[in-house]
Amino acid sequence: MADSTLWWLLTGALVALELLTGTFYLLMLALGAAAAALVAHTGAAQTAQIVVAALVGLGAVLGLTWLRRRRPGDPSVRAQRSVNLDVGEVVQVDAWQTDGTAQVKYRGASWTVVLPAGTTPAPGPHRVTELVGSRLLVEKV
């Protein structure tokens, strides 16, 4: 069997495995195997084929990892109005405690509210931006 045929079979196996696992990393390795198959068609030595497969596969995996880390993450589900109807509602904060929390009456119950890091507490109306456990994360209106 020709070297290129083996590389194409490995490419197909990696793609099939990727379909079963749902990760893109095996698909990137399949790109490396496909590149090696193309190099094998030119008649290059087996060592060159392996080096090309390793370089292209590793380069694709590193590139995908770099792109995923560079892209901002999805916003928290807890901060979406379609998931949590409290998001966007306004509460009245009368006084803040020294630990950066406050107690407010909201929907007939007492809730603990907190501010995002680096925000100065000030009394007055605040908008709910996220529900964190049993606490409301708020921002000044």
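Relevant structure appears above.
Fair warning: this is a prediction, and the values are worked out from it, not measured in the lab.

Caption draft 1: Local environment of the side chain of Gln49. Structurally, the position occupied by Gln49 is in helix α3 (residues 46–70). A distance of 3.5 Å separates a polar atom in the side chain of Gln49 from a polar atom in the side chain of Asp3. Other than its neighbours up to four places away in sequence, Gln49 contacts Asp3, Trp7, Ala36, Val39, Ala40 and Ala44.

Caption draft 2: Region of interest: the packing of aromatic side chains. According to the stated counting rule, one finds one aromatic pair in the structure shown. Arranged with centres 6.0 Å apart and planes meeting at 70 degrees, the rings of Tyr106 and Trp111 form a pair that is edge-to-face. Across this residue pair, the class does not change: Tyr106 and Trp111 are buried.

Caption draft 3: Highlighting the sheet that holds strand β2 (residues 101–106). Taken together, the five strands give an open sheet; going across it, the order is β1-β4-β5-β3-β2, and neighbouring strands pair in mixed fashion. The open sheet has two edge strands with one neighbour each: β1 (90–93) and β2. Averaged over all pairs of adjacent strands, the angle between their axes in this sheet comes to 50 degrees, without regard to strand direction. Taken together, the six bridges between strand β4 (residues 124–132) and strand β5 (residues 135–140) define a ladder with antiparallel strand orientation. Residue pairing across strands places Val128 opposite Val138, the latter belonging to β5.

Caption draft 4: Expanded view of the pairing of strand β3 (residues 109–114). Sheet topology note: the β2/β3 ladder contains six bridges and is antiparallel. Across the sheet, the residue bridging to Lys105 is Ser110, located in β3. Hairpin connection, β2 to β3: the antiparallel pair is bridged by two residues, and Arg107 has positive phi, about 55 degrees. Where β3 meets β5, three bridges bridge the pair, whose relative direction is parallel. Residue pairing for β5: Val114 is matched across the bridge by Leu137.

Caption draft 5: Representation of the packing of helix α1 (residues 3–21) against helix α2 (residues 25–41) within the structure. Axis separation between α1 and α2 bottoms out at 8 Å; the angle between their running directions is 170 degrees. Classified by the angle their axes make, α1 and α2 are roughly antiparallel. Residue-level inspection shows Asp3, Ser4, Trp7, Trp8, Leu10, Thr11, Leu14, Val15, Leu17, Glu18 and Thr21 of α1 in contact with α2, the latter providing Leu26, Leu27, Leu29, Ala30, Ala33, Ala34, Ala36, Ala37, Leu38, Ala40 and His41. Grouping the amino acids of the contact of α1 with α2 by side-chain chemistry returns 16 nonpolar, four polar and two charged.

Caption draft 6: Region of interest: the environment of Gln80. For Gln80, the position within the fold is in the loop between α3 and β1. Residue classification places Gln80 among the partly exposed positions, given a relative accessible area of 29%. Along the chain, Gln80 and Val104 lie 24 residues apart, while their C-alpha atoms are 22 Å from each other.

Conventions adopted
Here, residues in each chain are numbered from 1, in the same order as that chain's written sequence. Local features in this predicted model are restricted to residues whose pLDDT is 70 or higher, and side-chain atom pairs enter the listing and the counts only when it is 80 or higher, whereas totals over whole chains, interfaces and linings include all residues. Computation of side-chain values: all heavy atoms of the structure, hydrogens and water removed. Helix and strand definitions follow DSSP, with helices as H or I runs of at least four residues and strands as E runs of at least two, each counted in order from the N terminus. Each polar contact in these results corresponds to two N or O atoms within 3.5 Å; when the atoms are within protein, one needs to be able to donate a hydrogen and the other to accept it, and residues that are neighboring in sequence are counted only if both atoms are side-chain atoms. A contact between two residues is defined here by any heavy atoms of the two lying within 4.5 Å. Aromatic rings from Phe, Tyr and Trp, taking only the six-membered ring of Trp, are treated as a pair when their centres fall within 6.5 Å; an angle between ring planes under 30 degrees marks them as stacked, one over 60 as edge-to-face, and anything in between as tilted. Accessible area is worked out with a 1.4 Å probe on protein chains only. A residue is then buried under 20% of its type maximum, exposed over 50%, and partly exposed in between. The rule for pairing is simple: two strands pair if DSSP sees at least two bridges between them. Where helices are involved, their axes are fitted lines through C-alpha atoms of the stretch in contact, as for all axes, and angles between N-to-C directions lie from 0 to 180°. Any angle from 65 to 115 degrees is called roughly perpendicular, while one under 35 is roughly parallel, one over 145 is roughly antiparallel, and all others are oblique. The classification used treats Ala, Val, Leu, Ile, Met, Phe, Trp, Tyr, Cys and Pro as nonpolar, Asp, Glu, Lys and Arg as charged, and all other residues, Gly among them, as polar.

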